[in-house]
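Per-entry structural report
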Amino acid sequence: MRARSEFGANLARGLREAWQIARGVVGERAYEIYLEHHAREHPGEEPMTERVFWRHHTDKGDTDPGARCC
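As a starting point, this report considers the structure included with it. (Residues numbered from 1 in each chain as written. Predicted model: local features only at pLDDT ≥ 70, side-chain atom pairs only at ≥ 80, totals over all residues. Heavy atoms only, no water.)

1. A look at the overall build of the protein
- If you tally the helices and strands in the protein, you get 3 helices and 0 strands.
- Counting helices and strands in the order they occur from the N terminus, the protein gives α-α-α.
- For the protein, the residues scored as buried account for 10% of the 70 residues in total.
- Here the protein has roughly 6,200 Å² of accessible surface; of this, 59% comes from carbon and sulfur atoms. (Helix = DSSP H or I, 4+ residues; strand = E, 2+ residues; numbered from the N terminus. Buried < 20%, exposed > 50% of the residue type's maximum accessible area, 1.4 Å probe, protein only. Areas by Shrake-Rupley, 256 points an atom, 1.4 Å probe, with all protein chains shown as cover.)

2. Observations concerning the packing of aromatic side chains
- Scanning the model with the defined rule gives 4 aromatic pairs in all.
- Consider the rings of Tyr34 and Phe53, whose centres lie 5.1 Å apart with planes at 25°: the pair is stacked. Here Tyr34, found in helix 2 (residues 30-41), pairs with Phe53, found in helix 3 (residues 50-63); they are 19 residues apart in sequence, far enough to count as distant.
- The class for Tyr34 is buried, based on a relative accessible area of 14%.
- Members of the aromatic cluster, connected to one another through ring pairs, are Tyr31, Tyr34, Phe53 and Trp54. (Phe/Tyr/Trp six-rings, centres within 6.5 Å; stacked < 30°, edge-to-face > 60°.)

3. Remarks on the environment of Asn10
- Relative to the helices and strands, Asn10 resides in helix 1 (residues 2-26).
- At 2.3 Å, the side chain of Asn10 and the side chain of Arg13 are in polar contact. (Polar contact = N/O pair within 3.5 Å; in protein donor to acceptor, adjacent residues only side chain to side chain.)

4. A closer look at a nonpolar patch on the surface
- Taken together, Phe7, Leu11 and Leu15 make up a surface patch of nonpolar side chains, about 330 Å² in accessible area.
- With respect to the helices, strands and loops of the structure, Leu11 is situated in helix 1. (Patch = residues over 30% accessible without salt bridge, like charges linked within 9 Å, V, L, I, M, F, W, Y side chains within 5 Å. Salt bridge = Lys/Arg side-chain N within 4 Å of Asp/Glu carboxyl O.)

5. A short note on the pattern of salt bridges
- In the structure shown here, the tally under the stated rule is 4 salt bridges.
- The residue Glu41 makes a salt bridge to Arg40 at a minimum N-O spacing of 3.6 Å.
- The exposure class assigned to Arg40 is exposed, which follows from its relative accessible area of 55%.
- One salt bridge in this structure joins Arg55 and Asp59, with 3.1 Å as the shortest N-O distance. Linking Arg55 with Asp59, this pair stays in helix 3, spanning 4 residues, or about one helical turn.
- Put simply, Arg29, Glu32 and Glu36 are held in one network by salt bridges that share partners.

Next up, the structure:
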């Protein structure tokens, strides 16, 4: 029974990690990453709200597509 419990815990942890990787690949973590960067590089300054961040993020993608295919 203990092996089953450990397997379940390991499976749950693996799925959580896979979910975080998937979020990073599709860009869903962009605001979280921005907040971490902002706190580290600009302490004491107010970060953009999530709504403003995503507006800037999508506008930048429209004007500077970078490595996007289309």
